[in-house]
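Coordinate inspection notes
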Amino acid sequence: MIDIRIIKAPSAGTMNIIRSRSGARWGEDFSPAAVGLVQGKLIDMVVASDIAEKTAGVRVTDVRGSCPQNMVLLAIAGDTAEVVECLGRIEKEGGEANGYR
């Protein structure tokens, strides 16, 4: 199962959380119009990353977390229309539930 959310015009605090949990791969000056968040199994997140990067000119990073399920989360950032397009395509094509193999 893949969970998908979008944040339009993410706040500075939200971007700081993503930066700190992704090894600061996005610099302080990176301020995207939208950030899509995709959570699921590692295999599905690798597929989702590939779909996103092939769909539009977005930047993808993994967001590290720790909980009993060992959270696996992607942050997909860029223009709002590009992020929305990527998330729609991930929902349609990605993940085990959708038969992507």
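A brief report on the enclosed structure follows. (Residues numbered from 1 in each chain as written. Predicted model: local features only at pLDDT ≥ 70, side-chain atom pairs only at ≥ 80, totals over all residues. Heavy atoms only, no water.)

Considering the nonpolar core
Condition: Buried Ala, Val, Leu, Ile, Met, Phe, Trp, Tyr and Cys residues that are joined via side-chain atoms within 4.5 Å together make up what is termed a nonpolar core. A simple rule labels every residue: compare its accessible area, found with a 1.4 Å probe on the protein chains alone, to the largest value its type can have, and call it buried under 20%, exposed over 50%, or partly exposed in between. Strands here are runs of E lasting at least two residues and helices are runs of H or I lasting at least four, both read from the DSSP assignment and numbered beginning at the N terminus. Only heavy atoms enter the contact rule, under which two residues are in contact if any of them lie within 4.5 Å.
In terms of nonpolar packing, the biggest core is built from 16 residues, with Val38, Ala52, Val58, Val60, Leu74, Ile76 and Ile90 touching the most fellow members. Elements that contribute at least two residues to this core include exactly β2 (34-39), α2 (42-55), β4 (72-78) and α3 (80-93). Counting residues per element, this core draws most heavily on α2, which supplies five residues. In this view, Val58 contacts Ala52, Ile76, Ala77, Glu82, Val83 and Cys86; residues no more than four positions away in its chain are not counted.

Some words on the pattern of salt bridges
Test applied: One speaks of a salt bridge when a side-chain nitrogen belonging to Lys or Arg is within 4 Å of a carboxyl oxygen belonging to Asp or Glu.
Within the structure shown, the criterion is met by four salt bridges. The salt bridge involving Asp50 is made with Lys54; its shortest N-O contact spans 2.9 Å. Note that Asp50 and Lys54 are positioned in helix α2 at a spacing of four residues, about one turn of the helix. Asp62 is paired through a salt bridge with Arg64; the nearest N and O atoms lie 3.8 Å apart. Relative accessible area serves as the criterion here: at 30%, Asp62 is assigned to the partly exposed category. Since its relative accessible area comes to 41%, Arg64 is described here as partly exposed. Each of Arg25, Asp62 and Arg64 takes part in salt bridges that share partners, so that together they form one network.

Comments concerning the pairing of β4
Keep this limit in mind: Pairing between strands requires that DSSP locate at least two bridges from one strand to the other.
In terms of residue burial, β4 counts as a mostly covered element, since six of its seven residues are buried. Bridge count for β2 against β4 is six bridges, and the pairing is antiparallel. Note that in β4 the partner of Val35 across the bridge is Ala77. As paired strands, strand β3 (residues 59-64) and β4 are joined by six bridges and run antiparallel to one another. If you follow Val63 over to β4, its bridge partner there is Leu73.

Let's talk about the sheet that holds strand β1 (residues 3-8)
Operational definition: To obtain each axis, a line is fitted to C-alpha atoms, and for helices this fit is confined to the stretch in contact; angles are then taken between N-to-C directions over 0 to 180 degrees.
Strands sit in the order β1-β2-β4-β3 across an open sheet of four strands; the sheet is antiparallel. Each edge of the sheet is formed by a strand with only one pairing partner; in this case those strands are β1 and β3. Strand-to-strand twist across the sheet, computed as the mean angle between neighbouring axes with direction ignored, equals 20°. Of the strand pairs in this sheet, β1 and β2 are connected by six bridges, and their pairing is antiparallel. In the strand pairing of β2, Ile4 is matched with Val38. Contacting β1, β2, β3 and β4, helix α1 (residues 12-21) runs over the sheet at an angle of about 75° to β3. Across the face of the sheet, α3 comes into contact with β1, β2 and β4 while running at roughly 175° to β1.

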